[in-house]
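# Observations on the three-dimensional arrangement
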Amino acid sequence: MENTTKRYWRGIEELTNDAEFVKYADREFGDAPSADEKEGAIFDGTGSHRRDFLKVLGFGMSAVALAACEAPVKNTIPYLNKPEDVEPTIANWYASTFVDGGEYASILVKTREGRPIKIEGNKASSVSKGALSARAQASVLSLYDNEKLKGPQIAGKAADWASIDKEIISGLAKGGQIRIVTNSILSPTTKKVIGDFIAKYPTTKVVTYDANSLSGLVAANGVLPSFDFSKAKTIVSLGADFLGTWISPSEFAAQWAKTRRVSSAKDGNKEMSRHYQFETIMSNTGANADYRATYKPSQEGLVATALYNAVAAKVGAPTLSTSAVKVEYLEKAAADLVASKGASIVVSGSNDASVQAVVAAINGLVGAYGTTIDLGTPANYRQGSDAEMNQFINEAKSGAIAAVIFYNANPVYNHPRGAELAEALPKIALTIATNDRADETASLVKYNTPDSHFLESWNDAEPKKGFFSLTQPTISTIFKTRQIQSSLLTWAGLNADYAAYLESNWTSNILKAGKVQWSQVLHDGVYEFGSTASAAAPAVNLADATAAISKNYKAASDKLELAVYEKVSMGTGSQANNPWLQELPEPVSKACWTNYLAVSQKTAAELKLEQDKEAELTIGGKSIKLPVLVQPGQANGTIAVAIGYGRTKAGKSADGVGANAYPFISTVNGTLAFFNTGDVAIKATGEEVKIAQTQTHNTVMAREAVVQETVLSEYKKNVEAGRFKPEILTAEGKKTATDISLWNGHKYNNHAWGMVIDLNTCTGCSACVVSCSAENNVPVVGRQEVINRREMHWMRIDRYYSSDADVEDLKGLEVASENPEVVFQPMLCQHCNNAPCETVCPVLATTHSTEGLNQMTYNRCIGTRYCANNCPYKVRRFNWFRYFQTDDFDFHLNNDLGRMVLNPDVTVRSRGVMEKCSMCVQRIQAGKLEAKKEKRRPKDGEIQVACAQSCPTNAITFGDMNDPESEISQVLAAEKTGRSFGVIEEINVKPNISYLVKVRNKEREGKKAEGEAKEHA
Amino acid sequence: MSHVVSPIRETLVGGGRSYHDVTQDICKQVEGEPTKEWKIAFSVSCVIFAYGAYCLGYTWWQGIGVWGLNKTVGWAWDITNFVWWVGIGHAGTLISAVLLLFRQKWRTSINRAAEAMTIFAVLCAASFILAHMGRPWLAHWALPLPNTFGSLWVNFNSPLVWDVFAISTYLSVSLVFWYLGLIPDLATIRDRAQTKASKFWYGLFSVGWTGSAKTWARYEYVSLILAGISTPLVLSVHTIVSMDFATSVIPGWHTTIFPPYFVAGAIFSGFAMVQTLLLVTRVVFKLEDYITMEHIEMMNIIITVTGSVVGIAYLTEFFIAWYSGVEYESYCFINRAFGPYWWAYWMMMTCNVISPQLFWFKSIRTNILISFILSVVVNVGMWFERFVIIVSSLHRDYIPSSWAMFSPTMYDIGDYIFSFGLFFTLFFLFAKFLPVINMAEVKSVMKGVSSNYPFKKKSEGGKESVTH
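Please read these numbers as outputs of a predicted model, since none were measured by experiment.

## Topic: the overall build of chain A
- Check the secondary structure of chain A and you find 32 helices and 44 strands.
- Relative to the globule expectation of 31 Å for 1017 residues, the C-alpha radius of gyration of chain A, 34 Å, shows essentially globular dimensions.
- A principal-axis box enclosing the C-alpha atoms of chain A has dimensions of 145 × 95 × 65 Å.
- A total of 1017 residues make up chain A; the buried ones form 56% of that total.

Below, the structure is given as C-alpha cells:
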C-alpha cells in the first residue's frame, strides 16, 4: 500500500536530497559550526559563539574575582608517598625525655603533620609523674630557633661533616691531653659512648661542671640523694628553692602538694605539712612557706648549725659550739622537726659541703633517712665537680691541654671564671664545641659540630638509679646538625649510628635480657625497675664541718652582701633565646625580660635606691649595671641578682637582656658559693630603666572577695573558715549576693565545662602560662610592650603580698609587709555565666556556648575593647599590633621556621581583635569528636586543658560539671560548703571557675589575731 | 515670622540695624574676599588638620597599639574625646530646638553657628568612634545590615549599638535642621550673587526658595516639627552615651546617676563651646550688634546653672559611693580624688564646679574677656571629667594585680589634634561660605518700623530703628 502520510520538507534541498544538505541533516542550523567543533575556541580567542557568551562572561568574572583574592596558601606540596603515620590534622604523640641543666622530665611530644608543636608530661614516669616545668614546656620553641648553627663550621665558616671529621680526627690523633667539658650527663648510653671515645683516646678526661652547681651537696652525702617531700610533715628549707629552681622542682612540687591538699568533705584530709623557709631572697618556695624568715648569706652556715643545735638539744644529742645566730622561727622549726620525727625533712640550697654536712646531720637526728630522704636511690641530676672544673681552667691556662670538646657546655658564659677560660682557649690546639649555637664559648672554638636538638635526637636518661627513660626523634634534623654521640663515635672511628648503638646497649645492658621489649619501652618512654631504698645516713664529719663553718660564716655582718640565684623562668640561661621564657614573669617579682638588683624595702631606703632606677653593682673590680627592684621579704642588707641573663651570643631575644651575674659567684670552702660577701658596692646611676613587670600593684588591698585564706587550726574547726560571703540588704532582709540576679541563667543540657583551682597547692611555678601560650599560639610581645602593660598571656598568675596596714588605710595597704605572706592566684577567663563582656559587644563577637564557655569569635570582632573594659577580671587581651610576621615583634614567629611551632588547631589572631582563654575549646571539641566516633560520652579526664595538664601539683581540675562522677563535680560537691569560692562573686557574674581557699599551716599572729581575739571576747 | 515682642524687653539686635543692614552685615562675609584674619586662621587650622591627619593615618596603618592604652585601660583619650565632642555637640540642638519651643527669641542670632558647631562636633566625635576600633574597616558591622552570615545581627543589648543609633540619628536630624534653616539665607545670597559660580551653587542649595508666604508657612511648620523631633534627642543622645558606662560592671561607671549627669554636662560644655566660638566670631566678623551682651550674659547664666547641676552630681556620686557600702566603688572615688590621678580630678573640680560660680557676679558674667577665658576653662574641665570617669575608673578596678597607669603617646595627642583640625577647618569654611547668623530669623526679632510700638528707640546709635 502506498504511504499516504503527509510529508513536509524543510526546503527544496531536502526534497531533492541534495548531497550538501544530507551531510548536515542532523543539525538544526545546517552548516553552522557546532558547539563541539568549536570547543576551546572560547579561550583561544579564535572565535566565539552566541551561546558561549555567558560562559565566557562567567569565566571572565570568576577569573577576575580569583585574581583579586590573595592566594592564601603557598608552597603546599602534596605527599608523593604519604608517610604511614602522618594523617593531616591528626596529632601523633611520642614519648621522649627532656633534660636541660640537670632538670629532667619524661615527656610526651605532640606532633602535627610531622612537626613537634607541644610538650606535655608523661604520667607513666614515676620520677617526674607527668609534671613539667615552664622551661621544659618552652623547649619546643627552641627547636625552631632560627639562630642556631645551621651546620658544622670550621673557624666560623660553613663546612661539611666529612672534612670537619677528618680534621678533627687528625687533630685528636696528635695526642696530648684531651678534655670533654660537659654539664651533668644523665644518659648512661652517652656515657658509654664517651667511654668508647676514651678507649680510643686514653688521654681524654671528662670534666663535668654545673652552672647551678650542687657539688657541695653531693660531696656531703656521697651521692645526690632522692628527696621525697610527700612523706614529710615538717619541711624546713635553708635557702633551697625546691619548688622553683632547686634540683628537680616540678618533681618536688608534686610531692609537696600532696602534703598540702585538704578536702572539706566529711572524711576528707585536713592535715597539712608545715613548711618553714629560711632564706635570703624571696624565692618561689619561700613565697609558699607557712613560716618564713631571712638571713644574710654570710650567716648561712651558722643558721644550719643553730638549727642543728636546737634539734640536738631537743633529742639529747651533743650540740655544736658555734656562734649563735638569731633567726626567727628557728626554735619553732626545730620543735616541729623533732615532733614529727620520721616525717621531717631539712634541705639546704647551699653548695658548701660543710653546711650540707650539718644539714645531713640534722636529717639524721630527725629520722629523715629512709623516709623522706633516700640515699639508696641516688639521683643523677647533678654530677658536676667544682674542683674538676677549676683544675681544668688552671690546666687550660697553663697550656697543658691539647684538645677540648665542649659538650653543650658554655663555661665562658656560665662559669665564674669564664673570662679566664676565654683567654686560655687560644692556648688549646684543638677546640671543638657541640653547642647548638655559636654562643659565648662556641664562638671561640675552631670547630663547631652542632648537636641536634633533643627533639631531633636519640638518647636515654637515668635520672635516678634504676629509673630509665628514652629520647626519640620527633622530626628529622632541621639543620645539618649531628648528635654529639654520633660525632664522638665517628671521631673514635666507630659506627656512627647512635640509634642502633642505643638499642643494642639497652637490649643487652638495661632491659634485663629481653624481658621487656625495646619497642614497648620506646612507646612508654620509661623503663623503671627502681633500686633498693636505704635508711642509711651519710657519714659526716661534724667537727670538720663546724670548724669550716666557723671560719667561713659570721653570726652578724653589717656589710652589704650579694645573693646570686636562679630565676624560675630562665634557670641557668641555657634557653635564654627562648622568647616564651624571656616573657614569662618570675613567679614572685612578676618581672620578665631582664634580671635586676633586688633589694628589700628597708635596704632600698637606706641605700637610696628606687624601683626602675638603674644602679651599678661593683664587687672586686667587676661591675654590672641593672635596674633596681624593691623586693619585699628579702633579707635586709643584701642585694640579689639572678644568673641566666646578660647573654652576648645567644640570639636576638637574649643578647643584651640583663647582665651576667656569673662572675660574681664566689668560692667558699672549695666550691662555688651562690653569694658574694666581698666588698659589695652599689651606686644609683640616676638613669631610669624600667623593669618589665606584668603586675605592678603588689597587694590585694584587703579585698577578701579576691583571695580568701585561712589557717589550718581554724579550717579544722570550720571548713568555711576563710570564706568571705557578702550579703546584700534587701526589702526582704539580708540575702546572699549571688542569690539576686537580673538574668534567667543558662541551661546546659549536655556538658558544663568548669575548672577548680586550689590556691593551696598552686605554687605559682608558671608552667601553665607557657603551656597555654604553646597550645594557643599566644604571641610574645617583648620588653617594651610588657612595660606598656600589654602582655598577651591568657593565663597569668597573680601574686599578692600581705600588708601590715589597717583595712581602712588605703594608702598603707598599697605597701607590702617587710616579710609578707604571699598568695598566688592563677587568673584566666572565668567563663562567667552572666558574662559582662557578652552583653556589651556590639557585634556579638563574644557569646556564650551551650556548654558554658564564653567564646570569642575573632572573625567577627571589630575591636572596640568594650568587653575588656567591662571584664572585672581583666583577662581579655587585645591585639594592639600584628604580632606575627612583623619585624617589630621578632620573637621566632617572624620567620617561617619559628612559625612551625604554631598549633594548627588554633587561629592566629590578626591585629585589632580581642582574645582570651577559650578553655582550650579545640581540645574539648577534639575530645568530644573522639568520643562521638566511638558512640559514647567523653570520659572524665580524657579532655584536658593545657594549663591543667601541665600543672605539676594538679592545682587545676578541669572537667564536666554536669557529670556527677567527674573529679570536678566531686571536688565541688565536697567544697560547696567548704573552701570553694568565685573571685568577686558578689557582682554575680557567676564564673564557671571556682577557687579553693588557701589554708596556711600556721598560727595567726600579730594585729589580725589580736583583733579577732577581741571580737571573740 | 510674625511675633510679638514685649515692649519692655531690651532689643535683641543692637546698633539700630535695619533689615537691609542685617543682610549687608551678614552677607558681606560670604560675598567679599576672605579677610586676612580668616586666611591666617584657616591656614593654621589646615596645618593642624594635616598634622592630625598624619597621626590618625599612622594610627590606622600601625594599629591602635601606637596609643598608650593597655590591657587594663582599654579606653582613654579616644573615648574621652568622643564623649567630649558629643557633649559639645549638644548646644546646637538645644539652642535651636528647645529654645525655639520655649520661644527664646534671643537664640536667633546664635543658633546658626551653634548648629554648625554641633554638626562639626558630632563629626569629630564620629571620627573617634572609627579611630578607636581595632579594625575600623569593619565599622559597618555595627549596623544592622543584611549580610551573608545568615541571620547575624548586631547585639541589641550593647550600649555601643545604641550609641550608633543615637549618634547617627542625632547627626542626621541636626544636619537636616541646620540645612533647612539655611535655605532662606542661601536664597538671599543667591539673589545677591555677582558671580556665576556663586549663583549656581547657592541656587542649587537654596532649592528654589521663592520666599512666598506659603513657603514661609511650610518652613515654619517644618522647623517646628524638627524642633519637636530634636528636643528628645538632646536628652537621649548623651543619656545613651552615658549608658556605655552606666550599664557596665566597672566601679565608677556602674551608676544610675549618669544619664542626667551626662546631659547636664553636655549642655554645660556645649554652651561653653558656643560661647568660646561666638566671642571670637563676634569680634572677627564685627557682629557685636547681633551677639549682644545680653546673649553673653544669658549663656553665662546657663553655664552656671548646668555647672551647678554637674557639681551636685559629682557630690552625689561621692555620697552614694560611701552610702552604698560597696568597697570597690568607695575605693574608686577615693582613688579619683587622692590616687595617682588626683590632679585630673581636681582639675575637673576646679574647672567645672568652682569656676562657673564666678558668674554669680554680674561684673564677671558681663566681662567679655573673663567670659571667654571661663568658657575655655569649662571645656578643659569637661574634658578632664570624661578622662577622670574613663581612666581613673578603669585603671584600678576589681583585681589589684591588673591595676595599671595610662600615659598618652604622641599619637593619642595627635589624634585629638586631628579632631581640632577637622573642627576648625570645617568651622572656618562654614564661616566663610555660609551666613554665620540666621538673617531671616534675626530680622524676625527686630523691631521694624512697621511695628506699632510706643517707645522711642534707645539704641546706642540714637537712630530710629529703620527701614530697608
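## Section: the overall build of chain B
- Looking only at helices and strands, chain B features 16 helices and 0 strands.
- For chain B, the C-alpha radius of gyration of 23 Å lies close to 23 Å, the compact-globule estimate for 468 residues.
- Seen through its C-alpha atoms, chain B measures out along the principal axes to roughly 75 × 55 × 40 Å.
- Expressed as a percentage of the 468 residues in chain B, the buried residues total 51%.
- Excluding contacts between residues fewer than 6 apart, the proportion of contacts in chain B whose partners are at least 24 apart in sequence is 82%.

## What to know about the pairing of strand E3 (residues 115–121) of chain A
Residue and element names in this part refer to chain A.
- For E3, the tally of buried residues reaches 6 of 7 residues, placing the bulk of the element in the interior.
- Pairing of strand E2 (residues 103–112) with E3 involves 6 bridges; the strand directions are antiparallel. Looking across to E3, one finds that arginine 112 is bridged to arginine 115.
- Between E2 and the antiparallel strand that follows it, E3, lie 2 residues; glutamate 113 among them carries a positive phi value of about 50°.

## Focus on the confidence of the model for chain B
Residues and elements named next belong to chain B.
- Confidence along chain B averages 88 in pLDDT terms, with 92% of residues attaining 70 or more.
- Model confidence for chain B, summarised as mean pLDDT per element, is weakest for helix H4 (residues 90–101) at 79 and strongest for helix H14 (residues 368–394) at 96.
- Considering only residues more than four positions removed or in separate chains, one finds that residues 449–468, a stretch of pLDDT under 50, has 29 contacts.
- Two summary scores accompany this predicted model of the complex, namely pTM at 0.90 and ipTM at 0.92.

## Description of the interface of chain B and chain A
- The partner chain A presents 44 residues to the 39 residues of chain B that form the contact.
- Elements that contribute at least two residues to the side of chain B that touches chain A include exactly helix H6 (159–192) and helix H11 (327–338) of chain B.
- Its residues placed into classes, the side of chain B that touches chain A shows 21 nonpolar, 14 polar and 4 charged.

## Section: the environment of Leu972(A)
- Mapped onto the elements of the fold, Leu972(A) is located in helix H31 (residues 967–975).
- Of the residues examined, Leu972(A) has 19 C-beta atoms within 10 Å and is grouped as partly exposed.

## Comments concerning the domain arrangement of chain A
Residue and element names in this part refer to chain A.
- Segmentation of chain A into domains returns domain 1 (12–68), domain 2 (153–208 + 384–464 + 467–528), domain 3 (223–379), domain 4 (558–693) and domain 5 (709–1000).
- For domain 3 versus domain 4, the distance between C-alpha centres works out to 26 Å.
- The set of elements that each furnish at least two residues to the side of domain 3 that touches domain 4 consists of helix H10 (284–288) and helix H13 (353–365).
- Counting residues per element, the side of domain 3 that touches domain 4 draws most heavily on H10, at 3 residues.
- Class assignment for the residues of the side of domain 3 that touches domain 4 results in 6 nonpolar, 9 polar and 2 charged.

## Considerations on the sheet that holds strand E5 (residues 157–158) of chain A
Residues and elements named next belong to chain A.
- As summarised here, the arrangement of the 7 strands in space is E5-E4-E16-E15-E14-E6-E7, forming an open sheet in which the pairing is mixed. Among the strands making up the open sheet, the edge pair consists of E5 and strand E7 (204–208).
- The strands touched by helix H6 (residues 161–173) within the sheet are strand E4 (153–154), strand E6 (178–182), strand E14 (403–407), strand E15 (430–433) and strand E16 (447–448), with E15 carrying the most contacts at an inclination of about 130°.

## Regarding the environment of Phe271(B)
Residue and element names in this part refer to chain B.
- Relative to the assigned elements, phenylalanine 271 resides in helix H9 (residues 258–284).
- Residue phenylalanine 271 is classed as buried on the basis of its 29 C-beta neighbours within 10 Å.
- Measuring from C-alpha to C-alpha, the distance between phenylalanine 271 and isoleucine 302 comes to 7.6 Å, with 31 residues separating the pair along the chain.
- Filtering out sequence-adjacent residues up to four positions away, phenylalanine 271 remains in contact with Ala91, Met299, Ile302, Ile303 and Thr306.

## As for the nonpolar core
- Residues Val564(A), Leu597(A) and Ala125(B) are the most contacted members of the largest nonpolar core, which totals 427 residues.
- Per-element accounting of this core gives the leading share, 15 residues, to H9(B).
- Apart from the residues lying within four places of it in its own chain, the contact partners of Leu597(A) are Ala615(A), Leu617(A), Leu626(A), Val628(A), Leu629(A), Ile639(A), Val641(A) and Ile682(A).

Conventions we followed
Residues numbered from 1 in each chain as written. Chains lettered and ligands numbered in written order. Predicted model: local features only at pLDDT ≥ 70, side-chain atom pairs only at ≥ 80, totals over all residues. Helix = DSSP H or I, 4+ residues; strand = E, 2+ residues; numbered from the N terminus. Rg over C-alpha atoms; globule rule 2.2 N^0.38 Å. Buried ≥ 20, exposed ≤ 12 C-beta atoms within 10 Å, placed from the backbone. Contact = placed C-beta atoms within 7 Å. Pairing = 2+ DSSP bridges. pLDDT = per-residue confidence, 0-100. Nonpolar A, V, L, I, M, F, W, Y, C, P; charged D, E, K, R; others polar. Domains from an automatic or database assignment. Axes fitted to C-alpha atoms, helices over the stretch in contact; angles between N-to-C directions. Core = buried A, V, L, I, M, F, W, Y, C linked by C-beta atoms within 7 Å.

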